[in-house]
Amino acid sequence: MEIRRIAILTLGVGSGHLRASQAVHQALHDGADDVEARTIDILDLAESWFLRLYVYPYWLMVRHAPGVWRRLFEWRQRKGLRKSAPDWLIRRGCRSVLSRLQTFRPHLVIVTEISAARLAVLGRREGWFEAPILAAQTDFCSEPPWAGSEIDLHCVGSEEARQQLISCGVSAHRIINCGVPIDPAFALSFDRAELRRALGLHPTRPVVLLMGGGVKSAPLDTIVQGLELCSHPVQVIAVAGRDRDMRGRLDAMQGQLALDLHVFGWSESIPELMAAADMLITKPGSVVASEALAAGLPTIVAYPVAGMQERHLRFLVEKNLGIAAQEPAEISRLVSDLLDDSNKMEALSLRGRDAARPDAAYSVAQVARALLEKATYIDLLAMPSPVSGESAYLM
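Residues numbered from 1 in each chain as written. Predicted model: local features only at pLDDT ≥ 70, side-chain atom pairs only at ≥ 80, totals over all residues. Heavy atoms only, no water.

## Side note on the overall build of the chain
- Summing up its helical and strand segments, the chain has 17 helices and twelve strands in all.
- Relative to its length of 395 residues, the chain is compact, with a C-alpha radius of gyration of 21 Å against a globular reference of 21 Å.
- Across its three principal directions, the C-alpha atoms of the chain cover 60 × 45 × 35 Å.
- Expressed as a percentage of the 395 residues in the chain, the buried residues total 56%.
- Residue pairs in contact within the chain that sit at least 24 positions apart in sequence constitute 70% of those at least 6 positions apart.
- As displayed, the chain has an accessible area near 17100 Å², and 50% of this comes from carbon and sulfur atoms.
- Separation between the mean location of the 43 positive side-chain charges and that of the 45 negative ones in the chain comes to 7 Å. (Helix = DSSP H or I, 4+ residues; strand = E, 2+ residues; numbered from the N terminus. Rg over C-alpha atoms; globule rule 2.2 N^0.38 Å. Buried < 20%, exposed > 50% of the residue type's maximum accessible area, 1.4 Å probe, protein only. Contact = heavy atoms within 4.5 Å. Areas by Shrake-Rupley, 256 points an atom, 1.4 Å probe, with all protein chains shown as cover. Lys, Arg positive; Asp, Glu negative; His and termini not counted. Charge placed at Lys NZ, Arg CZ, Asp CG, Glu CD.)

The following block contains the structure:
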């Protein structure tokens, strides 16, 4: 039996790209003994000077000068720029990544981030590997840099992203709407009463899940304080992620508020936490939003990172899949309003489940396997794009 090697290449500037890559990785291995998948994060191998010139400035801008990043992001969209950085910068700064690909000798390369896509294109062009390149986008919206002609096939996160790629000149026959890749565990049915018991939660009081870590953390502590004004006796689960300072501030608030606060750092149990909750307050990252849709969890979106997350917020609000909030006082009011209106809560949950694509990672994996079996993507052409709520499986 020949082992087919698949490299998943990403740049983990935020947790979403990594989580989506891990979901695809797991889907490729699930029930397939003839596949060896390897996820490569450029952050782990790139030259330190590349990180200082390319990655760290992005982190600094979104944290301390979001207006600057917003203008730069929108300018890049208006100009239709096909590169997020000069080729020489990516090529020289990521030579160790190309060397890793050369050693691995992949039969297919899946890319889940724009810079990773450009690096893969350069690597194949310059002979570091010979394999098809499959772009698996992790956003609800697309960008011009994805539209490179040397990417063999695109899996996108929404019909909007598909149309945007077409407007950038990509053939519709090279685009498959698979949804944003997530762990399908978010769509599983859990015993809520048992989960709440295990988490030390009151069985009947409403539970609000609060998330917002990543490149720029939302002010979780301020939001928690605002939830004291909620008209219902809410219990709050606050997930600080890897933000140790925020975790410390939240820990210090426990026992000091007129609500029940449970604090988590980085957690692998987000499917269970979502299943235990009545609603979610989060930044509009496409991966966490897709996870909440799969869980049927009514969501309030706030504090988007400048750039793509602002587009995600508009996407969710326009499709009535989330409710936008601007400040902690408004969040508290919205939580109270939702808890007062069970019909609205149920409608949000139903719309979310209807729009959800919990099988998206497996759809990407299936496209990947099809590419491995064919010399080109010709046999995938003219596949009908699935409608909302319909499986994206090709076979």
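Continuing now.
## Thoughts on the packing of aromatic side chains
- Within the structure shown, the criterion is met by five aromatic pairs.
- For the pair Phe 50 and Tyr 54, a centre-to-centre distance of 5.3 Å together with 35° between the ring planes defines the contact as tilted. Of this pair, Phe 50 and Tyr 54 both sit in helix H3 (residues 48–64), four residues apart, roughly one helical turn.
- Residue classification places Phe 50 among the buried residues on the basis of a relative accessible area of 1%.
- Given the relative accessible area of 18%, Tyr 54 is considered buried.
- Joined through ring pairs, the aromatic side chains of Tyr 58, Trp 69 and Phe 73 make up one cluster.
- The ring of Trp 266 carries the charged tip of Arg 242 above its face, separated from the ring centre by 3.9 Å. (Phe/Tyr/Trp six-rings, centres within 6.5 Å; stacked < 30°, edge-to-face > 60°. Lys NZ or Arg CZ within 6 Å of the ring centre and 35° of its normal.)

## What about the pairing of strand S8 (residues 235–239)?
- Within S8, five of the five residues are buried, leaving the element largely enclosed by the surrounding structure.
- Of the two faces of S8, the one holding Gln 235, Ile 237 and Val 239 and the one holding Val 236 and Ala 238 are both buried throughout.
- As for the winding sense of the linkage, the β-α-β connection from strand S7 (residues 207–211) through helix H10 (residues 220–227) to S8 is right-handed. (Right-handed = clockwise from strand over helix to strand, strands pointing away.)

## Brief notes about the sheet that holds strand S5 (residues 153–156)
- Judged by pairing direction, the sheet is parallel, and its six strands sit side by side in the order S2-S1-S3-S4-S5-S6 without closing on themselves. Pairing within the sheet leaves two strands with one partner each, and these edge strands are strand S2 (35–41) and strand S6 (175–177). Adjacent strand axes in the sheet meet at a mean angle of 20°, parallel and antiparallel pairs treated alike.
- Across four bridges, the pairing between strand S1 (residues 4–10) and strand S3 (residues 108–111) is parallel. Considered in S3, the bridge of Ile 8 is made with Ile 110.
- Sheet strands touched by helix H1 (residues 15–29): S1, S2 and S3. Its angle to S2, the strand with the most contacts, is close to 170°.
- The strands that helix H6 (residues 95–104) touches are S1 and S2; relative to S1, the one it contacts most, it runs at about 170°. (Pairing = 2+ DSSP bridges. Axes fitted to C-alpha atoms, helices over the stretch in contact; angles between N-to-C directions.)

## A short note on the nonpolar core
- Formed by 43 residues in total, the largest nonpolar core has its most connected members in Leu 9, Ile 42, Phe 50 and Val 111.
- Among residues more than four places away in sequence, those in contact with Ile 42 are Leu 9, Thr 10, Leu 11, Phe 50, Cys 94, Val 97, Ala 116 and Leu 119. (Core = buried A, V, L, I, M, F, W, Y, C linked by side-chain atoms within 4.5 Å.)

## Here we look at the packing of H10 against helix H11 (residues 244–253)
- Here H10 crosses H11 at 25°, and the two axes come no closer than 9 Å. Classified by the interaxial angle, the pair formed by H10 and H11 is roughly parallel. Here Leu 220, Asp 221, Val 224 and Gln 225 of H10 come into contact with H11, specifically with Met 246, Arg 249, Leu 250 and Met 253.
- By residue class, the composition of the contact of H10 with H11 is five nonpolar, one polar and two charged. (Parallel < 35°, antiparallel > 145°, perpendicular 65-115°, else oblique. Nonpolar A, V, L, I, M, F, W, Y, C, P; charged D, E, K, R; others polar.)

## Here we look at the sheet that holds strand S12 (residues 323–324)
- Here we have six strands laid out as an open sheet, ordered S9-S8-S7-S10-S11-S12, and parallel in their pairing. What marks the edges here is a single partner per strand, and that holds for strand S9 (260–264) and S12.
- For S7 and S8, the ladder comprises five bridges, and the chain directions are parallel. When the sheet's bridge partners are listed, Val 207 is paired in S8 with Gln 235.

## Quick word on the side chain of His 312
- Tracing the chain through its elements places His 312 in helix H14 (residues 308–318).
- Polar contacts involving the side chain of His 312 include one to the main-chain carbonyl oxygen of Pro 284, which spans 3.1 Å. (Polar contact = N/O pair within 3.5 Å; in protein donor to acceptor, adjacent residues only side chain to side chain.)

## Things to note about H3
- Maximal helix bending in H3 amounts to about 40°, located at Val 55; proline Pro 57 follows within four positions.
- The complete set of buried residues in H3 reads Phe 50, Leu 51, Tyr 54, Val 55, Met 61 and Val 62.
- Looking at the buried residues of H3, the elements they touch are helix H2 (42–45), helix H4 (66–79), helix H5 (87–93) and helix H7 (114–125). (Bend = angle between axes of the 7 residues up to and from the residue.)

## Digging into the environment of Asp 340
- With respect to the helices and strands, Asp 340 occurs in helix H15 (residues 328–340).
- Here Asp 340 falls in the exposed class, since its relative accessible area comes to 53%.
- Each C-alpha atom, one on Asp 340 and one on Tyr 56, is 44 Å from the other, the two residues being 284 residues apart in sequence.
- Asp 340 has contacts with Ser 231 and His 232, leaving out every residue within four places of it along the chain.
- Polar contacts involving the side chain of Asp 340 include one to the side chain of His 232, which spans 2.7 Å.

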